[in-house]
Amino acid sequence: MTFKELFRLSHREFTVYKTRSRATIVTIGILFGVLLAALLIFQGLENTTLKYAKDATNGEVYLASSYDKASLVSDRIQKFGGVVATLNDEQKAEIGEEIPESVIIAKFSSLDKAYEYYSKSDKKDLHYNSDDYQIVELFSNQIGVYKYFRDKNKDFIRPISLVLVAVSAFILAFTMAHLIASSTKTFVLYRSIGASKGQLLLIYFAYLLELCVWAAIFAIALALVLAGIATAVCWKQLLIQLATIYPSAPNFWPILIGVNLQCVEVILCMFLAAPVSFLLCLDQFSSKKIAQKLKGD
């Protein structure tokens, strides 16, 4: 039996049990679609807020650092891709106070690298006291915005993704159990035309993957619709709020649709539910179980 024949037979199960398949697709699609919508909206909000925050410095991040070992500060600035900067008179006037000579000003072109420097995650490797190592951002709050959204994603996305994988796996397993109960005679037919047990397993695993593909398409479409609605509803209020926080910045369109790697992770989690649910139903394919169902029929 060729792979083309295997996929044709798996698609047959999809079309024969169309109502049940569609119900499963919609249920899983809604679960993950809402999560994807939250991701798109959060990333879109972060992108818009950072546009405002970056306007004051053209995207560059200025960090003022103070520590009793100036050489350590200089080494860390260089390590994370920053350069020691000298402020001009206009920048000094904007700060409004005199900066002590012990303070080192660093300029970063990359917000990611600036955040790594700011987070002081290398304190154990370099053996310095992070409490005494003071870092303050000048002219803007890009670090604060970046940190806020990183923390929200860390606390919100991963735990919910794991829960949704478990829920989706049980939904798929429930669908598969009903399908197996209704397809006992089909098993016998497939075996009679020469399908091995391994090929039989591949047919129904391909069926689960097809459910996941359609559920992913449905979830993405739903997420885009929800994010579009959120953009339309929040458009005016966001413009007002951001203009209040960043009065000197021009108005940027608050489009609440943004994509990041976590969106890909959520989609992968959907497909992870397929093998998990398949393993939960694996015992249903044993010859003993099939024989018991045939006797029951």
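Preceding this section is the structure that the text describes.
For the structure given in this document, a descriptive report is provided here.

Analysis parameters
- Residues numbered from 1 in each chain as written.
- Predicted model: local features only at pLDDT ≥ 70, side-chain atom pairs only at ≥ 80, totals over all residues.
- Heavy atoms only, no water.
- Helix = DSSP H or I, 4+ residues; strand = E, 2+ residues; numbered from the N terminus.
- Buried < 20%, exposed > 50% of the residue type's maximum accessible area, 1.4 Å probe, protein only.
- Contact = heavy atoms within 4.5 Å.
- Areas by Shrake-Rupley, 256 points an atom, 1.4 Å probe, with all protein chains shown as cover.
- Pairing = 2+ DSSP bridges.
- Axes fitted to C-alpha atoms, helices over the stretch in contact; angles between N-to-C directions.
- Salt bridge = Lys/Arg side-chain N within 4 Å of Asp/Glu carboxyl O.
- Polar contact = N/O pair within 3.5 Å; in protein donor to acceptor, adjacent residues only side chain to side chain.
- Expected span 1.5 Å × (residues − 1).
- Patch = residues over 30% accessible without salt bridge, like charges linked within 9 Å, V, L, I, M, F, W, Y side chains within 5 Å.
- Phe/Tyr/Trp six-rings, centres within 6.5 Å; stacked < 30°, edge-to-face > 60°.
- Lys NZ or Arg CZ within 6 Å of the ring centre and 35° of its normal.

## Some thoughts on the overall build of the protein chain
Here is step 1 of the chain: Assigned secondary structure in the protein chain consists of 11 helices and 4 strands.
Here is step 2 of the chain: The buried share among the 297 residues of the protein chain stands at 42%.
Here is step 3 of the chain: In the protein chain, the proportion of contacts linking residues at least 24 apart, taken out of those at least 6 apart, comes to 86%.
Here is step 4 of the chain: Of the roughly 16,500 Å² of accessible surface on the protein chain, a fraction of 61% belongs to carbon and sulfur atoms.

## Observations regarding the sheet that holds strand β2 (residues 83–84)
Note: strands within a sheet are paired through backbone hydrogen bonds, in either parallel or antiparallel orientation.
Here is step 1 of the chain: The strand order across the open sheet formed by 4 strands is β2-β3-β1-β4, and the pairing between neighbours is antiparallel. Bordering the open sheet on either side are β2 and β4 (134–138), each of which pairs with just one other strand.
Here is step 2 of the chain: The strands touched by helix α3 (residues 70–79) within the sheet are β1 (61–66), β2, β3 (104–108) and β4, with β3 carrying the most contacts at an inclination of about 5°.

## Structural notes on the pattern of salt bridges
Here is step 1 of the chain: Under the definition given, this model contains 5 salt bridges.
Here is step 2 of the chain: The partner of Asp 122 in a salt bridge is Arg 76, and the shortest N-O contact between them spans 3.1 Å. Here the residue Asp 122 occupies a position in the loop between α5 (111–119) and α6 (123–126), and Arg 76 occupies one in helix α3, the gap between them amounting to 46 residues.
Here is step 3 of the chain: Classification of Arg 76 by relative accessible area gives buried; the value is 0%.
Here is step 4 of the chain: Linking Lys 79 and Asp 122 is a salt bridge whose minimum nitrogen-to-oxygen distance equals 3.2 Å.

## Description of the pairing of β1
Here is step 1 of the chain: For β1, a buried count of 5 out of 6 residues is recorded, marking the element as mostly surrounded by other parts of the structure.
Here is step 2 of the chain: Two elements, β1 and β3, share 5 bridges in a ladder whose sense is antiparallel. Considered in β3, the bridge of Leu 63 is made with Ala 106.
Here is step 3 of the chain: In terms of strand pairing, β1 meets β4 through 5 bridges, oriented antiparallel. Residue pairing for β4: Tyr 62 is matched across the bridge by Leu 138.

## As for the side chain of Gln 142
Here is step 1 of the chain: Mapped onto the elements of the fold, Gln 142 is located in helix α7 (residues 142–182).
Here is step 2 of the chain: Within the local environment of Gln 142, its side chain forms a polar contact with the backbone oxygen of Glu 60, the two atoms lying 3.1 Å apart.
Here is step 3 of the chain: Dropping the residues within four chain positions of it, Gln 142 is found in contact with Leu 50, Ala 53, Lys 54, Thr 57, Gly 59, Glu 60, Val 61, Leu 111 and Glu 137.

## Concerning helix α10 (residues 261–280)
Here is step 1 of the chain: Its 20 residues give α10 an end-to-end C-alpha distance of 29 Å, which sits within 8% of 28 Å, the value for a rise of 1.5 Å per residue.
Here is step 2 of the chain: Those residues of α10 that sit buried are Gln 262, Cys 263, Val 266, Ile 267, Cys 269, Met 270, Ala 273, Ala 274, Ser 277 and Phe 278.
Here is step 3 of the chain: Its side-chain oxygen at 3.1 Å from the backbone nitrogen of Gln 262, Asn 260 defines the N-terminal cap of α10.

## Thoughts on a nonpolar patch on the surface
Here is step 1 of the chain: Together, Val 26, Ile 30, Val 34, Val 225, Leu 226, Ile 229 and Val 233 line one region of the surface with nonpolar side chains, adding up to about 570 Å² of accessible area.
Here is step 2 of the chain: Secondary structure elements with two or more residues in the nonpolar patch: α2 (18–55) and α9 (197–245).
Here is step 3 of the chain: The element that contributes the greatest number of residues to the nonpolar patch is α9, accounting for 4 residues.
Here is step 4 of the chain: For Val 26, the position within the fold is in helix α2.

## Details of the packing of aromatic side chains
Here is step 1 of the chain: Summed over the entire model, instances satisfying the criterion amount to 13 aromatic pairs.
Here is step 2 of the chain: Ring plane angle 40° and centroid distance 5.3 Å describe the contact between Phe 108 and Tyr 117, whose orientation is recorded as tilted.
Here is step 3 of the chain: Residue classification places Phe 108 among the buried residues on the basis of a relative accessible area of 1%.
Here is step 4 of the chain: Within the aromatic cluster, the residues linked to one another by ring pairs are Tyr 67, Phe 80, Phe 108, Tyr 117, Tyr 128 and Tyr 133.
Here is step 5 of the chain: One Lys or Arg, Arg 150, reaches over the ring of Tyr 146 and ends 4.4 Å from the middle of that ring.

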